[in-house]
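Here are the chains, one letter per residue:
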Amino acid sequence: QVQLVESGGGLVQPGGSLRLSCAASGRIFSINAMNWYRQGPGKQRELVAVITSVGTTNYADSVKGRFTISRDNSKNTVYLQMNSLKPEDTAVYYCNAESKTTYYSSPKPYWGQGTQVTVSS
């Protein structure tokens, strides 16, 4: 099937920056939208940013102007550049992608294992 592997999380001070990456591999025919979600302590998982296969983006209000999502279709990779980080951005960040494994198959959602982002002084 399809595997998603995130990287780039860590500990950063408020106001700092991090760049997350998520690489898709396996039996990939095509990838539609690629998304970043996050789940903070005691909170529900929430959608952070979306990028379609043609590069259209959308963001949660809480991260607009601070986070930028991008993708490299040649590498099946999506990125999340996070600037001006705040303590409330602390969460496990998950990559999600909707992918087809063959021409005839229906697109299915796949998830990465998550990467921890901690914003603290």
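Residues numbered from 1 in each chain as written. Predicted model: local features only at pLDDT ≥ 70, side-chain atom pairs only at ≥ 80, totals over all residues. Heavy atoms only, no water.

Novice: Could you clarify how one ought to interpret the pairing of strand β1 (residues 2-7) in this entry?
Specialist: On β1, burial follows the alternation: V2, L4 and E6 on one face are buried, whereas Q3, V5 and S7 on the facing-out side are not. Examined bridge by bridge, β1 and strand β3 (residues 18-26) share six bridges and lie antiparallel to one another. Of the residues in β3, the one forming a bridge with V2 is G26. (Buried < 20%, exposed > 50% of the residue type's maximum accessible area, 1.4 Å probe, protein only. Helix = DSSP H or I, 4+ residues; strand = E, 2+ residues; numbered from the N terminus. Pairing = 2+ DSSP bridges.)

Novice: Would you mind showing me how to read the packing of aromatic side chains here?
Specialist: Where two aromatic rings form a pair, the distance of their centres and the angle of their planes describe that pair. Taken as a whole and assessed by the stated rule, the structure comprises three aromatic pairs. Ring geometry for F29 versus Y103: centroids 6.0 Å apart, planes at 85 degrees, classification edge-to-face. Of this pair, F29 sits in the loop between β3 and β4 (30-39) while Y103 sits in the loop between β9 (91-100) and β10 (108-111); the two residues are 74 residues apart in sequence, bridging distant segments of the chain. Taking relative accessible area as the criterion, F29 reaches 44% and is therefore assigned partly exposed. (Phe/Tyr/Trp six-rings, centres within 6.5 Å; stacked < 30°, edge-to-face > 60°.)

Novice: I'm lost on the environment of L18 in this one. Help?
Specialist: Tracing the backbone through its elements, the reader meets L18 in strand β3. L18 sits in the buried class, given a relative accessible area of 16%. In this structure the C-alpha to C-alpha distance between L18 and Q81, which are 63 residues apart in sequence, comes to 6.2 Å. Dropping the residues within four chain positions of it, L18 is found in contact with G8, G9, G10, V12, L80, Q81, M82, L85 and V117. (Contact = heavy atoms within 4.5 Å.)

Novice: Could you clarify how one ought to interpret the pairing of β9 in this entry?
Specialist: Two faces make up the sheet, and in a regular strand the side chains alternate between them. The buried count for β9 comes to eight of ten residues, which makes it a mostly enclosed element. Pairing geometry for β4 and β9, over eight bridges, is antiparallel. By the bridge assignment for β9, N35 is matched with N96. Pairing geometry for β9 and strand β11 (residues 115-119), over three bridges, is antiparallel.

Novice: Would you mind showing me how to read the state of the cysteines here?
Specialist: Among covalent bonds in proteins, the disulfide is the one between the sulfur atoms of two cysteines. This model, assessed by the stated rule, comprises one disulfide. The disulfide partner of C22 is C95, and the gap between their sulfur atoms is 2.1 Å. Torsion about the S-S bond of the C22 and C95 cystine: about -80 degrees, corresponding to left-handed handedness. In this pair, C22 sits in strand β3 while C95 sits in strand β9, placing the two residues 73 residues apart along the sequence. Pair check on accessibility: C22 and C95 agree, each one buried. (Disulfide = S-S within 2.5 Å.)

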